[in-house]
Structures are given as C-alpha cells and as structure tokens.
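If you want the building blocks of each chain, they are given just below.
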Amino acid sequence: MAVSKTIKKKQQCYIAVPSQIINSISSSGLQSLLLSPKKKKPSFSVKLKLLLNNPRFWVLFLFVFGFVGMLKLWFNFETLVPFAPNPCGIFQEKTSFLNDHEVSQLSIGALNLGNEEKEEGDEKSEFWKQPDGLGYKPCLDFSSEYRKTSLDIVKGRTRYLMVVVSGGMNQQRNQIVDAVVIARILGAALVVPILQVNVIWGDESEFSDIFDLDHFKEVLANDVRIVSSLPSTHVMTRPVEEKRTPLHASPEWIRSHYARKLRRDGVLLLRSLDSRLSKDLPSDLQKLRCKVAFHALRFSPSILGLGNKLTERMRSKGPYVALHLRMEKDVWVRTGCLPGLSHEIDEMINNERKRRPELLTSRSNMTYHDRKLAGLCPLNALEVTRLLKALGAPKSARIYWAGGIPLGGKEALQPLTSEFPHFFNKEDLALPGELEPFAKKASLMAALDYIVTENSNVFMPSHGGNMGHALQGQRAYAGHKKTITPNKRQMLQHFLNSSLSETEFNRIILDLHRDSLGQPELRKAGRDVTKYPVPECMCNGTINHSST
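Residues numbered from 1 in each chain as written. Predicted model: local features only at pLDDT ≥ 70, side-chain atom pairs only at ≥ 80, totals over all residues. Heavy atoms only, no water.

The protein chain is annotated in an unreviewed UniProt entry as O-fucosyltransferase family protein from Solanum verrucosum. Quoted verbatim from the Sequence similarities (unreviewed entry) field of UniProt, the annotation for the protein chain is "Belongs to the glycosyltransferase GT106 family." Database annotation for the protein chain, UniProt heading Pathway (unreviewed entry): "Glycan metabolism." (UniProt positions renumbered as here; feature names shortened; annotations may be inferred.)

Shown next as structure tokens:
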C-alpha cells in the first residue's frame with residue numbers, strides 16, 4: 001500500500017462547532033460583549049445586571065462552556081485510544097492511506113483496548129488466584145528392586161501382550177495406562193495398543209494418529225518394552241484371548257491367571273480393560289501409572305502444534321477459564337437427567353430412554369428429581385453461569401468451552417453467553433482450514449480440547465467423566481492448578497431456593513467450594529492415582545526427586 005509523502009508545514013487543528021451556535025451570534029454581538037466602550041464607565045453592579053439580562057451573554061457562555069468540555073473530553077480520550085498526542089495528526093497522516101477495512105479495524109482496536117484495560121484489572125480478581133500446592137512436586141523414585149527387575153523385563157523376547165482399547169479418547173487413555181502396567185506385571189513386551197473403531201463416532205484413528213509413538217517408547221524404555229508389531233517368530237501364533245478379567249483385579253490375580261498361558265503360547269490378547277486393574281497397587285506400579293499418564297502419553301506433533309496455537313490465542317488477552325460442558329443428547333439419556341430447555345425436549349429425552357433402557361448407566365430406580373438432588377446430573381448452562389458468578393468470575397472472563405454440541409444448540413448455551421460474552425471453542429479460535437485434518441476424527445478433536453483445557457488458568461467440568469478426571473490429575477501433577485469441582489450434591493438445594501438473595505446465595509456457594517478448588521488431596525483407597533497423584537507420585541519434602 002502506497003504511503004503519501006508527508007508534507008512538512010505548519011499544521012492547523014480545527015474544532016468542529018455546530019453552525020447553529022455560530023449563526024446565533026452576530027459579529028456586532030460578539031464585539032459588544034468583548035469590547036468595552038470608551039465612554040462613561042457604569043458601576044460594576046450595573047454592568048453585571050446588564051450582562052445577566054443580555055441573552056447573547058448566555059449564548060456565548062454556553063458556547064465557551066461547551067468548548068472547554070470538548071477539550072477536557074478530548075484529553076481524557078487520549079488515554080483510552082492509541083492516538084498520537086496531536087489530535088490532528090492521526091487524521092492527517094493516517095487516514096490518507098488506510099482503506100475502509102483498516103479504519104474499521106482501528107476502531108475495533110480502540111474498543112478492545114478499553115476492554116483489555118478492564119481485563120488487566122480483573123486479572124487481580126480472587127477468581128484467578130491459584131490454590132496452595134503445599135510444596136508438592138512430582139517424585140517418581142522407583143525402588144532398587146523395581147530397577148533391578150527392569151533389566152530382565154526390557155530384554156525379554158518371548159512374551160507379548162496385545163490389547164484392544166475402546167471408548168472415547170480419554171477412556172482409551174486410561175486403558176493404555178493399565179495396559180502398560182499389566183505388561184510390566186507379566187514381564188511381557190507390549191504391542192502398541194489397538195484402538196477399537198468407535199461405533200458412535202466411527203473414528204478409525206490409530207495410536208500414532210493421537211499419540212507420539214516414538215516418545216511413548218522412549219519414555220518407557222526402562223520400564224516396559226514397546227514394539228510396533230509382533231515379531232516374525234510370533235506372527236503365525238494365534239493369540240490367546242482372555243475375556244474373563246474381573247473388575248479391579250490385583251497383580252497377584254493377573255499373574256496367577258495369565259502368566260502360565262503367556263509362557264506357553266507367547267502371545268496374550270486382552271480386551272475391555274476399563275477398570276479391570278485394581279486402583280490400589282504397590283508403590284512402584286502406582287508410580288508407573290503416573291509415568292505413563294503424565295509423561296509417556298504425549299499427543300502427536302500435529303495435534304500438539306495446533307493445540308498450542310489455540311492455547312496462545314486464548315492466552316493473548318490474559319487468563320482464561322476452561323469449561324467441560326456435558327450437555328450432549330446421549331449424556332442426558334445415559335444419566336437419566338433432563339436438560340430443562342423445554343417440555344418438548346424433555347419429553348424427547350424421556351422417550352429415548354424408554355426405547356433404550358440399557359443406556360441408563362446406573363440407579364434406574366431413582367426419579368429424575370432424586371438423581372438431580374443426589375448430584376448425579378450434569379449442570380446445565382444456567383447452573384454453570386450462577387456457579388461461576390458466585391465463585392467470583394468477572395464478566396470479562398474469557399471462557400473456552402470443551403465438549404460436544406449441546407442438545408438445543410446455541411440456545412442451550414444462551415445463559416452463559418449472555419453473562420460471559422467472551423465465549424469460545426476450538427471452531428471459534430481456529431483459522432480457516434486448520435481443523436480440516438481433524439474434522440471427522442472425534443478422538444483428535446477431543447485431544448485439542450484436552451490441550452487447551454489443560455493449559456487454562458481455571459478449569460471446571462459440568463459433570464464427571466473420563467476427561468474431567470484425567471484433567472484433574474494432570475493439573476494436580478502440574479502444580480495443583482486451579483480446578484473447580486462442583487459440589488452438586490450440597491449446592492443444588494440452594495439453587496432451588498428462590499428466597500435467597502444473590503448476596504446470600506453467593507456466600508453459601510463460595511463457602512461450599514473453599515476446599516474444592518484443586519488443593520492437594522490425598523488419594524483414598526479405591527481411587528485412581530492418575531486423578532489423585534498425592535502421595536504416591538508427588539512429594540512435598542526438600543529432597544530433589546526424579547520424574548523419569
């Protein structure tokens with residue numbers, strides 16, 4: 001774009017004044033007001049009375065008053081917009097070579113700058129304050145016995161474990177973690193897990209499409225041998241498929257039922273590993289779980305690259321909160337809950353549930369109202385909005401929302417978008433064409449959501465589930481980044497109490513969540529260490545611990 005040459009000459013600045021004001025004041029009138037006659041001087045009181053009775057005085061007074069006000073407004077405006085100190089310069093030097101689009105963008109930029117100044121103040125809000133991590137840091141110190149045994153395990157060439165993992169991306173992650181641990185228990189090499197085609201989304205992604213395979217092998221090189229495929233010596237071997245693995249099987253059960261078959265046949269095939277391995281394992285195996293989940297399972301370079309770009313776009317104007325919204329049709333059907341959008345939509349969900357009762361996940365004897373009060377239902381958009389406001393989220397907060405398209409579309413999100421207008425998902429942040437390679441791959445799209453959510457300043461899920469649990473553990477392991485766990489069981493009764501004032505409601509909700517903001521929480525028996533990594537995988541001592 002050509003830039004016009006700057007002509008060096010004395011510049012004059014003009015202030016626009018309405019013509020009606022100018023026309024109402026004649027030149028003689030101005031002279032009579034500004035010039036004193038050289039005749040007999042009347043007394044001051046007479047002068048004042050004549051002046052106040054003269055309508056031209058009041059016209060001139062209003063003109064001067066308006067002129068001074070305009071100057072004051074102009075100088076204040078300079079602090080809000082990126083204009084040069086010279087009020088004429090921006091128009092004389094800039095608009096001569098800006099096209100209409102750029103002038104429009106300049107106006108938008110001026111407005112955004114005002115918003116940014118407000119956001120900078122909001123960054124100091126208590127809402128963004130991170131919990132006290134109590135000095136907990138990752139510590140994966142394996143015992144000398146574990147390290148000694150590793151030498152024989154990684155050299156083994158006779159036993160191979162094959163696994164088929166199912167479900168969505170986060171469910172597959174959990175099963176891959178357990179597959180590595182089971183391979184370690186059996187002293188077998190792990191063939192890269194096979195991802196079963198998801199019947200709901202039709203996603204045919206392979207392990208290397210989602211995760212960085214080379215990194216996976218490298219990180220676990222001293223724990224379990226990972227191979228891309230069976231060696232030629234075992235290709236013709238028909239793997240023994242075992243389908244009887246009970247829920248929460250112990251390492252002793254795994255060895256007693258599988259080790260002999262594996263030694264005899266050389267290859268063992270396991271399916272449906274979800275929750276098949278006990279959550280309560282010996283210390284070294286718990287650490288291995290954390291090593292797989294938090295170090296080895298890194299997303300593939302293409303996913304990581306775009307995920308980081310989307311993250312930077314969210315970060316560009318300050319902190320942001322990530323929401324995992326579980327408001328899809330299948331979620332309402334499976335949980336036995338109602339979205340409450342309209343009578344017609346609620347009736348549709350009820351009919352779907354009657355047609356397919358097997359979809360209801362648990363407690364089929366409970367009514368919807370009972371399930372709601374028990375905290376078993378996802379929060380809808382209105383409830384999420386009220387919770388965020390009660391916890392102190394500023395209206396200018398930037399929100400990234402992860403999850404599938406909600407039942408009811410944009411209308412279902414309206415309570416959130418009206419209260420928090422800076423509301424984005426990956427489609428909003430991506431440039432044209434950036435999402436095309438991932439568009440028909442539900443697992444890859446979920447991975448992008450995972451990355452942007454993991455990097456957020458604050459994270460809150462509207463319901464439980466694999467992604468919420470995985471991110472809770474990941475954020476704890478990263479230094480106990482703020483993660484809000486909605487206390488649905490105790491707070492929903494207050495949501496239904498219309499007699500509460502907003503101030504009292506906010507006080508109650510804030511008090512209910514003081515200990516649910518991502519602070520260190522010791523793992524209890526039966527809980528997954530990848531969700532609660534303290535104390536097996538994180539220490540708060542003064543000794544430097546290895547994390548590899």
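Peer 1: Explain the overall build of the protein chain here, please?
Peer 2: Across its full length, the protein chain holds 23 helices and 12 strands. Counting across all 548 residues of the protein chain, residues that qualify as buried make up 43%. (Helix = DSSP H or I, 4+ residues; strand = E, 2+ residues; numbered from the N terminus. Buried < 20%, exposed > 50% of the residue type's maximum accessible area, 1.4 Å probe, protein only.)

Peer 1: Which parts of the structure should I look at to understand the pattern of salt bridges?
Peer 2: Opposite charge on two side chains makes pairing possible when the charged atoms of those side chains draw close. For the structure shown, the criterion picks out 20 salt bridges. Across the pair Asp-223 and Lys-291 runs a salt bridge whose closest N-O atoms are separated by 2.8 Å. Note that Asp-223 is positioned in the loop between helix H10 (213–219) and strand E5 (226–227) and Lys-291 in helix H12 (residues 283–296), a separation of 68 residues in sequence. Residue Arg-315 is joined to Glu-312 by a salt bridge in which the shortest nitrogen-to-oxygen separation is 3.2 Å. Placement of the pair is Arg-315 and Glu-312 together in helix H13 (residues 301–315), with a separation of three residues, close to one helical turn. In the salt-bridge network here, residues are joined through shared partners; they are Lys-389, Lys-395, Glu-419 and Glu-502. (Salt bridge = Lys/Arg side-chain N within 4 Å of Asp/Glu carboxyl O.)

Peer 1: When you look at unusual backbone geometry in this model, what are you seeing that I'm missing?
Peer 2: Where the residue is not glycine, phi is negative for most of them; where a peptide bond is considered, it is trans in most cases. With an omega dihedral of 10 degrees, the bond running from Val-534 to Pro-535 counts as a cis peptide bond. Within the secondary structure layout, Pro-535 lies in the loop between helix H23 (502–512) and strand E12 (538–539). The backbone phi angle of Ser-272 is positive, close to 50 degrees, even though this residue is not glycine. Unlike most non-glycine residues, Ser-275 shows phi in positive territory, near 60 degrees. Its place among the elements puts Ser-275 in the loop between strand E7 (267–271) and H12.

Peer 1: It is not clear to me how H23 should be interpreted in this structure. Could you clarify?
Peer 2: For H23, the complete set of buried residues consists of Phe-505, Ile-508, Ile-509 and Leu-512. Taken down its axis, H23 places every buried residue within 95 degrees of arc, on the same side. (Arc of directions from axis to C-beta.)

Peer 1: I keep staring at the sheet that holds strand E9 (residues 398–402) and nothing clicks. Help me out?
Peer 2: Pairing between sheet strands relies on hydrogen bonds along the backbone, with the strands arranged either parallel or antiparallel. Spatially, four strands are ordered E10-E9-E8-E11 in an open sheet, and the strand pairing comes out parallel. One side of each edge strand has no neighbouring strand; the edge strands of this open sheet are strand E10 (423–424) and strand E11 (458–461). Pairing of strand E8 (residues 320–324) with E11, which is carried by four bridges, proceeds in the parallel orientation. Residue pairing across strands places Ala-322 opposite Phe-459, the latter belonging to E11. Contacts from H13 reach E8, E9 and E10 within the one sheet, and its direction differs from that of E9 by about 150 degrees. Sheet strands in contact with helix H21 (residues 466–477) are E8, E9 and E11, and its direction is about 155 degrees off that of E11. (Pairing = 2+ DSSP bridges. Contact = heavy atoms within 4.5 Å. Axes fitted to C-alpha atoms, helices over the stretch in contact; angles between N-to-C directions.)

Peer 1: How should the packing of aromatic side chains be read in this particular structure?
Peer 2: In this description, an aromatic ring pair is defined by two values, namely the gap between the centres and the angle between the planes. Overall, the coordinates contain 10 aromatic pairs when judged by the stated rule. Both rings, one in Phe-207 and one in Phe-211, keep their centres 5.2 Å apart while their planes meet at 45 degrees; by these two values the pair is tilted. One exposure class covers both Phe-207 and Phe-211, and it is buried. One aromatic cluster is present, formed by Phe-207, Phe-211, Phe-216, Phe-299 and Tyr-450 through successive ring pairs. In this arrangement the basic side chain of Arg-173 is found over the ring face of Tyr-450, its NZ or CZ atom lying 4.9 Å from the centre. (Phe/Tyr/Trp six-rings, centres within 6.5 Å; stacked < 30°, edge-to-face > 60°. Lys NZ or Arg CZ within 6 Å of the ring centre and 35° of its normal.)

Peer 1: Could you clarify how one ought to interpret the pairing of strand E2 (residues 160–165) in this entry?
Peer 2: The side chains of a regular strand alternate between both faces of the sheet. Counting buried residues in E2 gives six out of six residues, a clear majority hidden from the surface. The side-chain alternation of E2 yields two buried faces, one formed by Tyr-160, Met-162 and Val-164 and the other by Leu-161, Val-163 and Val-165. Where E2 lies against strand E3 (residues 189–191), two bridges are found, and the strand directions are parallel. Each bridged residue has a counterpart across the sheet, and for Leu-161 the counterpart in E3 is Leu-190.

Peer 1: Is there a simple way to explain the side chain of Ser-150 in this structure?
Peer 2: The topology assignment puts Ser-150 in helix H7 (residues 144–155). Ser-150 sits in the buried class, given a relative accessible area of 6%. A distance of 2.8 Å separates a polar atom in the side chain of Ser-150 from the backbone oxygen of Tyr-146. Of the polar contacts made by the side chain of Ser-150, one reaches the side chain of Arg-184; its length is 2.8 Å. Sequence-distant contacts of Ser-150, defined by excluding residues within four places in its chain, comprise Arg-184 and Asn-222. (Polar contact = N/O pair within 3.5 Å; in protein donor to acceptor, adjacent residues only side chain to side chain.)

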